[in-house]
Amino acid sequence: MEAIERHTIAVLVDNEPGVLARVIGLFSGRGYNIESLTVSEVDTGHGLSRITVVTSGTPMIIQQIKAQLDRLVPVHRVADLTAEGPHVERELALIKVANTGEDRIEALRIADTFRARVLDSTLASFTFELTGTAGKLDAFIKLMAALGEVEVSRTGVVAISRGSDIAMGMQRDPTANGI
């Protein structure tokens, strides 16, 4: 039996209505799971958006996902960042912890260790902002959950390849004159 692998896939698409629904439909229609999904316009001049999907499957399933994504009409490029080499992944989370007494002091100590920023503070809660790998966020959330009731909002993974290769670059604006 083939091992299940986690892959981060970046997809450059036209920024138009329905594209995200088509990409999600490709996954759900075939029973593939999406662990994380982020999307944002990255090139306003050319109307391009970048979708970053984290998914898991056997090597054959990952190949099928990439091939099927590549066949979608509004897709310009599909890059399997996991397979193509070293890449950087980050996620942002807002974590609210409600607690009192010594647990508040411990929450601040832990936040300092993780380099989390305090965005809001009341007499009964803190809201922290933390960026890092999914593992770092998971560890912080687990520690906070031991100190009080926790609410979490996460962005999902954003990723880009390491090094000087520009796989999904923006088109240069000839009128920008070096700006």
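Note: the structure precedes this text.
This report concerns the structure included in the present document. Since the model is a prediction, treat every value here as computed from it, not as a measurement. (Residues numbered from 1 in each chain as written. Predicted model: local features only at pLDDT ≥ 70, side-chain atom pairs only at ≥ 80, totals over all residues. Heavy atoms only, no water.)

Section: the packing of aromatic side chains
Evaluation of the coordinates by the stated rule reveals four aromatic pairs. Look at F128 and F140: their rings are 5.7 Å apart centre to centre, the planes differ by 90 degrees, and that puts the pair in the edge-to-face class. Here F140 lies in helix α5 (residues 134-145) and F128 lies in strand β7 (residues 125-132), a separation of twelve residues in the sequence. F128 sits in the buried class, given a relative accessible area of 0%. (Phe/Tyr/Trp six-rings, centres within 6.5 Å; stacked < 30°, edge-to-face > 60°. Helix = DSSP H or I, 4+ residues; strand = E, 2+ residues; numbered from the N terminus. Buried < 20%, exposed > 50% of the residue type's maximum accessible area, 1.4 Å probe, protein only.)

A few points about the packing of helix α4 (residues 102-114) against α5
Interhelical geometry of α4 versus α5 gives an angle of 170 degrees and a closest axis separation of 10 Å. The angle between the axes of α4 and α5 places the two elements in the roughly antiparallel class. For the pair α4 and α5, the contacting residues are A107, I110, A111 and F114 in the first and K136, A139, F140, L143 and M144 in the second. Residues that form the contact of α4 with α5 fall into these classes: eight nonpolar, no polar and one charged. (Axes fitted to C-alpha atoms, helices over the stretch in contact; angles between N-to-C directions. Parallel < 35°, antiparallel > 145°, perpendicular 65-115°, else oblique. Contact = heavy atoms within 4.5 Å. Nonpolar A, V, L, I, M, F, W, Y, C, P; charged D, E, K, R; others polar.)

Quick look at helix α2 (residues 59-71)
The end-to-end C-alpha separation of α2 is 19 Å, in line with the 18 Å expected for 13 residues at 1.5 Å each. In this structure, the buried residues of α2 make contact with β1 (5-14), α1 (19-29), β3 (48-57) and β4 (75-80). (Expected span 1.5 Å × (residues − 1).)

Describing the pattern of salt bridges
Taken as a whole, this structure holds nine salt bridges when the rule is applied. E84 is the partner of R77 in a salt bridge, and the nearest nitrogen-oxygen pair spans 4.0 Å. The closest approach of N and O atoms between E129 and R117, which form a salt bridge, is 2.8 Å. In this pair, E129 sits in strand β7 while R117 sits in strand β6 (residues 117-121), placing the two residues twelve residues apart along the sequence. Relative accessible area serves as the criterion here: at 23%, E129 is assigned to the partly exposed category. (Salt bridge = Lys/Arg side-chain N within 4 Å of Asp/Glu carboxyl O.)

Quick word on the environment of V39
Along the polypeptide, V39 turns up in strand β2 (residues 34-43). For the pair V39 and V157, spaced 118 residues apart in the sequence, the C-alpha separation amounts to 9.9 Å.

Thoughts on the pairing of β3
Counting buried positions over the ten residues of β3 gives nine, a clear majority of the element. With ten bridges connecting them, β1 and β3 associate as antiparallel partners. Across the sheet, residue R6 finds its bridge partner in β3, namely S56. Across eight bridges, the pairing between β2 and β3 is antiparallel. Paired with T38 across the bridge in β3 is T52. Hairpin connection of β2 to β3: four residues between the antiparallel strands, including G47 at a positive phi of 60 degrees. (Pairing = 2+ DSSP bridges.)

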